[in-house]
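A structural walkthrough
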Amino acid sequence: MRLIITSRGVGRWAANYVMKKMKAVGATDERNFILGLPTGGTAVELYRHLVASYKKGDVSFKNVTTFNMDEYIGLPEDHPESYHTYMRENLFSQVDMDPAKINIPNGNAPDLAAECRDYDQRMADCGGVDLFLGGVGENGHIAFNEPYSSLMSSTRDKQLDVNTRLANSRFFGGDISQVPKSALTVGVKGLLDAREVLIMITGAKKALALCQCMEGAVSQAWPITALQLHPKAIIVADEEACGELKVKTYRYFKELQDEFSYIDEL
Ligand code: GLP
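Overview of the structure.

What counts and what doesn't
Residues numbered from 1 in each chain as written. Predicted model: local features only at pLDDT ≥ 70, side-chain atom pairs only at ≥ 80, totals over all residues. Heavy atoms only, no water. Near = heavy atom within 4 Å. Polar contact = N/O pair within 3.5 Å; in protein donor to acceptor, adjacent residues only side chain to side chain. Areas by Shrake-Rupley, 256 points an atom, 1.4 Å probe, with all protein chains shown as cover. 1 Å grid on protein atoms, 1.4 Å probe; cavity = no way out; pocket = protein on both sides within 12 Å on 5 of 7 lines; lining within 4 Å. Sits in = over half its atoms within 2 Å of the grid points. Nonpolar A, V, L, I, M, F, W, Y, C, P; charged D, E, K, R; others polar. Helix = DSSP H or I, 4+ residues; strand = E, 2+ residues; numbered from the N terminus. Expected span 1.5 Å × (residues − 1). Buried < 20%, exposed > 50% of the residue type's maximum accessible area, 1.4 Å probe, protein only. Arc of directions from axis to C-beta. Core = buried A, V, L, I, M, F, W, Y, C linked by side-chain atoms within 4.5 Å. Pairing = 2+ DSSP bridges. Contact = heavy atoms within 4.5 Å. Axes fitted to C-alpha atoms, helices over the stretch in contact; angles between N-to-C directions.

**A look at the site of the ligand**
The full set close to the ligand counts 14 residues, and Gly41, Thr42, Asp70, Arg170 and Lys206 are the nearest of them. Alanine 143 places a main-chain nitrogen or oxygen 3.4 Å from a nitrogen atom of the ligand. The side chain of arginine 170 places a nitrogen or oxygen atom 2.8 Å from an oxygen atom of the ligand. Protein contacts shield 95% of the accessible area of the ligand, which totals 390 Å² for the unbound molecule. Assessed atom by atom at 2 Å from the grid points, the ligand resides in the largest pocket. Across the shell around the ligand, the residue classes break down as five nonpolar, six polar and three charged.

Following this line, the structure appears as structure tokens:
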């Protein structure tokens, strides 16, 4: 696992990494770049940078196929807090994405189990995800895989933890009763199946989750620890999120970064 510690913007670093990867892997008509996408407050900066780069002519999304990691169940697609709305506002309506290449789980599908099976099939049919981006919850959830999710899980419906609903109530006028109780989410295994996973972590509230991710044992109690099983997982964190790390862990990764200073140019 790689930990990048940056005070120059976690979203900026992640956006630069996405663009570098798109160039390296190639994004062509024949071979689209398959990108897994998150929502949430942390990802807003990532999308801001991607949109700015698109407007400067540095990147195109014409040959990118996207898969969002999750969506609330039962929230209308055009609800201001649906992840469909979030993605439209933060990215899709501002870049040259082909709408046919956008995939977001349908939390209003008449048969949710069939929707989940179909979603996994669509990812497989594309040849798998090249790079899955994500954030983390204070309780260590990735996508909407709450604590005690199976580390072998695929896309399914998941009941949300009360802490997650509390954290997300800030988007629903501070009223937890307005936050849906369940969501469709790609599974932990679905994330691990991506060729690369990059998780953005910011702020002191996420420091325990980052500490578990780097120093804890692999455990369903902290789904983020499953990244330890991935051959190419990158965590990008700000200084505040590193507050619970052992000094030796922090120093090790800082020294690695100094040694490979080109990383910061990514
Ligand atoms: C949400 C999303 C996750 C996101 C996480 C952190 O509930 N389902 O995909 O990574 O929680 O969100 P935020 O960045 O707003 O803290």
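**So, helix H4 (residues 112-125)**
Its 14 residues place the ends of H4 20 Å apart at the C-alpha level, agreeing with the 20 Å of an ideal helix rising 1.5 Å per residue. Every buried residue belonging to H4 is among Glu115, Cys116, Tyr119 and Met123, and all of these are buried. Across the axial projection of H4, the buried residues extend over an arc of 100°, all falling on one side. For H4, the exposed residues set more than 90 degrees away from the buried face come down to Arg117, Ala124 and Asp125. One side-chain oxygen at the N-terminal end of H4 lies 3.2 Å from the backbone nitrogen of alanine 113; it belongs to aspartate 111. Phi for glycine 127, located one or two positions after H4, is positive at around 90°.

**Observations concerning the nonpolar core**
Among the nonpolar cores identified, the biggest contains 38 residues, and Leu3, Ile199, Leu210, Leu227 and Ile235 are the most heavily contacted of them. The set of elements that each furnish at least two residues to this core consists of strand S1 (2-5), H4, helix H6 (188-192), strand S9 (196-201), helix H7 (207-215), strand S10 (233-237) and helix H8 (247-259). Take this core: its biggest share by element is five residues, from H7.

**As for the sheet that holds strand S6 (residues 131-134)**
An order of S1-S10-S9-S6-S2-S3-S5 is seen for the seven strands of this open sheet, with the pairing classed as parallel. Every other strand in the sheet has two partners, leaving S1 and strand S5 (102-103) as the edge strands with one partner each. Alignment of strand S3 (residues 64-68) against S5, held across two bridges, turns out to be parallel. Bridge pairing in S5 places phenylalanine 67 opposite asparagine 103. Against the sheet, H4 makes contact with S3, S5 and S6, and its axis sits at roughly 150° relative to S3, the strand it touches most.

**So, the pairing of strand S8 (residues 182-185)**
In this sheet, S8 lies alongside strand S4 (residues 70-72) in antiparallel orientation, the contact comprising three bridges. What sits directly across from aspartate 70, in S8, is threonine 185. The pairing of strand S7 (residues 156-159) with S8 spans four bridges and is classified as antiparallel. Bridge pairing links lysine 158 to alanine 183 in S8.

That's the geometry; what it means functionally is another story.
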